[in-house]
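This is what each chain is made of:
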Amino acid sequence: TATATTETALFEEELDTLAANDVTAFVTRLYKVALNRNPDGPGLADWVSRLTTHVATGCDVVRGFMLSPEYLSKNKSRDQIITDAYNAMLGRAPDASGFEHWQIAFSLQMTTEGIISGFCGSQEFIRLCNSYGVIPGTLQSPYYRDANFERTYFVYRLYANCLGRPPEVSGLENWCAALASGKSGIEVANGFFNSTEYQAHAYDNSSFILTLYRTLLGREPDYRGSIEWVTKLNAGASRASILNGFFGSQEFMLQCRTAGIVLGNFLSVPDNTTSWKLNAAILTYANYKRSAAGLNKLASYDNIYNAALTRAKEITSNNSHTRPNNTDWTTVLRDNNIPATILPSSYWADENIAAIPLSNTLNISKSVTAVAEAAVDAWLSNDATKAKLLNGNYNTMGAAFYEVQKAGKGYYYIAQCLMALSNNR
């Protein structure tokens, strides 16, 4: 701001001597403010000719100066560029709130051309042009990330809060383009949360909820709301259902409307399927047993559940910890974007499997709880599987079943995957 005031003072006396309603004065102002020199004859004549013949508008000329090799060679800071834009296009030093807005725009990787475009649409610039008899015109940056501040901010938050890093320019541009072309906010956001990069963080439920608040709502969580969401997850709700809860919030929908983003369709969730209900019942009963042993409670996690769903089907033909393709069962975790280096030990995950005979008392259509308890009790009756279920290192699980008929008798093949997720958020 001090620099802006100094530069304004340097040119004020000279600028005041320039006649209003004079195109030459308009161009001279740009030479002095942007390039910090008096105009050269041929350059001044060329710009004046373009303006007076309406080949160029005020926006075109400002763009020509502030993106010229001469201006760019000065290697000005972002703050200096913003100050120059105010002095050149509005005829004044920046105000604090406006200056901060454009600083944020630059931090979101919007370009100088995007900043100029934003100034072109202001009433102040239009009035300044009119005072010199110059047609203001309009300017549209060729970059999607410049077109809509709120939309760019939406994508930037996904990178910064979901992936934990600033975006690469190409990625930011591509996602902004996708949203501008009609890709929905839900689809884009879910793509980030289901990406291999995000899943590699292996965040626990509390960290997952914190990320949702910061990413989708753009704020820190309120205490009561955060506790309620974590409690739902710990009780067996899927992460997809929690995402839908945030996607359906007034805050998220307002952000999409403000940014001109299509909301989109809500996610399909597994919560009402029989297999997920069994997962929740096993979680509840396993936690009852772990609490009795003085251990931490487990939470459920969609990706681990999906891995268990695959394993439940696989063990119907090969009831072991080796997959049908002769690889170790842990490869199914990698198949579901679950990283293989979570615990600082050689054993980073465990699997329990069981084949429960279907009967009048053990019929999942009659009682999911009875089948869940039979599976957990079977694992607790064996020292090896009990050690896995009661391993204090683990904080997360997923369980699923697959029903088959063998020799005229029904069986529920159940797989449970156990592992630790990180709370390092």
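Our subject is the structure that appears above.
Residues numbered from 1 in each chain as written. Predicted model: local features only at pLDDT ≥ 70, side-chain atom pairs only at ≥ 80, totals over all residues. Heavy atoms only, no water.

Caption draft 1: Just the packing of aromatic side chains, in detail. A complete count under the given rule lists 19 aromatic pairs for this structure. Ring centres of Y86 and F119 lie 4.9 Å apart, and the angle between their planes is 85 degrees; this geometry places the pair in the edge-to-face category. Of the two residues, Y86 is situated in helix α6 (residues 78–89) and F119 in helix α8 (residues 112–120); the sequence distance between them amounts to 33 residues. By relative accessible area, Y86 is classed as buried at 3%. Residue F119 is classed as buried on the basis of its relative accessible area, which comes to 3%. (Phe/Tyr/Trp six-rings, centres within 6.5 Å; stacked < 30°, edge-to-face > 60°. Helix = DSSP H or I, 4+ residues; strand = E, 2+ residues; numbered from the N terminus. Buried < 20%, exposed > 50% of the residue type's maximum accessible area, 1.4 Å probe, protein only.)

Caption draft 2: Local environment of the pairing of strand β3 (residues 396–406). Pairing between strand β1 (residues 299–300) and β3: 2 bridges, direction parallel. Looking at the pairing, S300 lines up with M397 of β3. In this sheet, strand β4 (residues 409–419) lies alongside β3 in antiparallel orientation, the contact comprising 11 bridges. Across the sheet, A400 pairs through a bridge with A415, a residue of β4. Between the end of β3 and the start of β4, which pair antiparallel, lie 2 residues, with A407 showing a positive phi angle near 50 degrees. (Pairing = 2+ DSSP bridges.)

Caption draft 3: Structural detail: the state of the cysteines. The full count for this structure, using the stated rule, is 1 disulfide. Through a disulfide, C59 is tied to C120; the S-S separation comes to 2.4 Å. Of this pair, C59 sits in helix α4 (residues 58–66) while C120 sits in helix α8; the two residues are 61 residues apart in sequence, bridging distant segments of the chain. Across the pair, C120 and C59 agree in class, each one buried. You can see C129 has no disulfide; the closest cysteine sulfur is in C59, sitting 6.5 Å from it. Owing to a relative accessible area of 0%, C129 belongs among the buried residues under this scheme. (Disulfide = S-S within 2.5 Å.)

Caption draft 4: Representation of unusual backbone geometry in the model. In the Ramachandran plot, H54 falls in the positive-phi region, its phi being about 65 degrees despite a non-glycine side chain. Inspection of the secondary structure assignment puts H54 in the loop between α3 (41–52) and α4. The exposure class of H54 is exposed, given its relative accessible area of 55%. Located in the positive-phi region is N337, a residue other than glycine, with phi close to 60 degrees. Within the secondary structure, N337 is located in the loop between α21 (331–335) and β2 (349–357). A residue is classified by how much of its surface remains accessible, and N337, at 26% relative accessible area, is partly exposed.

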